[in-house]
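Observations on chain architecture
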Amino acid sequence: MNTDVERIARIQKALYRAAQGGLQVLLFSCHDVLFDALGADRVITLAPQRRRSAAP
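Worth saying up front: this structure is predicted, and the values here are computed from it rather than measured.

A tally of helices and strands in the protein chain yields one helix and zero strands. A compact globule built from 56 residues should have a C-alpha radius of gyration of about 10 Å, whereas the protein chain, at 15 Å, is more than 25% larger. Oriented by its inertia axes, the alpha-carbon framework of the protein chain measures out at about 50 × 25 × 15 Å. Accessible area of the protein chain: about 5,800 Å², with a carbon and sulfur share of 53%. For the protein chain, the distance from the average site of its 8 positive side-chain charges to the average site of its 5 negative ones is 9 Å.

All right, on to the layout of surface pockets then. Taken as a whole, the largest pocket encloses approximately 1,000 Å³ of empty space. Taken together, 26 residues make up the lining of the largest pocket; nearest its centre are Val25, Leu27, Ala40, Arg42 and Val43. Grouping the constituent residues of the lining of the largest pocket by class yields 17 nonpolar, five polar and four charged.

What follows covers the environment of Gln20. If you trace the backbone, Gln20 turns up in helix α1 (residues 5–20). Each C-alpha atom of the pair Gln20 and Ile44 lies 21 Å from the other, and the pair is 24 residues apart in sequence.

Right, let's get into α1. The end-to-end C-alpha distance of α1 is 22 Å, a good match for the 22 Å that 16 residues give at a rise of 1.5 Å each. With a side-chain oxygen lying 3.2 Å from the backbone nitrogen of Glu6, the N-terminal cap of α1 falls on Asp4. After α1 finishes, the residue Gly22 shows a positive phi value of roughly 100°.

Applying the stated criterion to the full structure yields one salt bridge. Among the salt bridges present, the one from Arg7 reaches Asp4, with a minimum N-O distance of 3.8 Å. For Arg7, a relative accessible area of 46% gives the class partly exposed. Classification of Asp4 by relative accessible area gives partly exposed; the value is 30%.

Definitions and cut-offs
- Residue numbering note: each chain is counted from 1, following its sequence as written.
- Given that this is a predicted model, residues contribute local features only at a pLDDT of at least 70 and side-chain atom pairs are listed and counted only at 80 or more, while totals for whole chains, interfaces and linings are drawn from all residues.
- Only hydrogens and water are set aside when side-chain values are computed; all heavy atoms of the structure are taken into account.
- The helix and strand labels rest on DSSP assignments: H or I over at least four residues marks a helix, E over at least two residues marks a strand, and numbering proceeds from the N terminus.
- Throughout, radius of gyration means the C-alpha value; the globule benchmark is 2.2 Å times the number of residues raised to the power 0.38.
- Note that accessible areas follow from Shrake-Rupley with a 1.4 Å probe, and for residues the cover is restricted to the protein chains shown.
- Charge convention: Lys and Arg are scored as positive, Asp and Glu as negative, and His as well as the terminal groups of each chain are ignored.
- Charged side chains are reduced to one point each, which is NZ for Lys, CZ for Arg, CG for Asp and CD for Glu.
- In this analysis the probe radius is 1.4 Å and the grid spacing 1 Å, with only protein atoms considered; a cavity is a set of points the probe fits into but cannot get out of, a pocket is an open set with protein on both sides within 12 Å along at least five of seven lines, and lining residues have an atom within 4 Å of a point.
- Grid points are joined across faces, edges and corners, and a volume is the space filled by probe spheres set on the points.
- Three residue categories are used. Nonpolar comprises Ala, Val, Leu, Ile, Met, Phe, Trp, Tyr, Cys and Pro, charged comprises Asp, Glu, Lys and Arg, and polar comprises the others, including Gly.
- Expected helix span is given by 1.5 Å per residue-to-residue step, counting one fewer step than there are residues.
- Residues adjacent in sequence count toward polar contacts only when both atoms are side-chain atoms; beyond that, a polar contact is any pair of N or O atoms within 3.5 Å, and within protein one must be able to donate a hydrogen and the other to accept it.
- By definition here, a salt bridge exists when the distance from a side-chain nitrogen of Lys or Arg to a carboxyl oxygen of Asp or Glu is within 4 Å.
- Whether a residue is buried, partly exposed or exposed follows from its accessible area with a 1.4 Å probe, protein chains only, as a fraction of its type maximum: under 20%, in between, or over 50%, in that order.

So, to be careful, I would describe these as geometric facts and stop short of saying anything about function.
Structure representation (structure tokens):
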């Protein structure tokens, strides 16, 4: 992940304000723990997928 603590805090605030304003927020992340504090109504965790080898 190419970010820092300040950027994560800013995006968390923006997402929280959007949700409080009545917008539906869909968040896709490989780093779900960074967004746990937002208090999602629903979280769907997908099973890890194996990467396919590149075709020769």
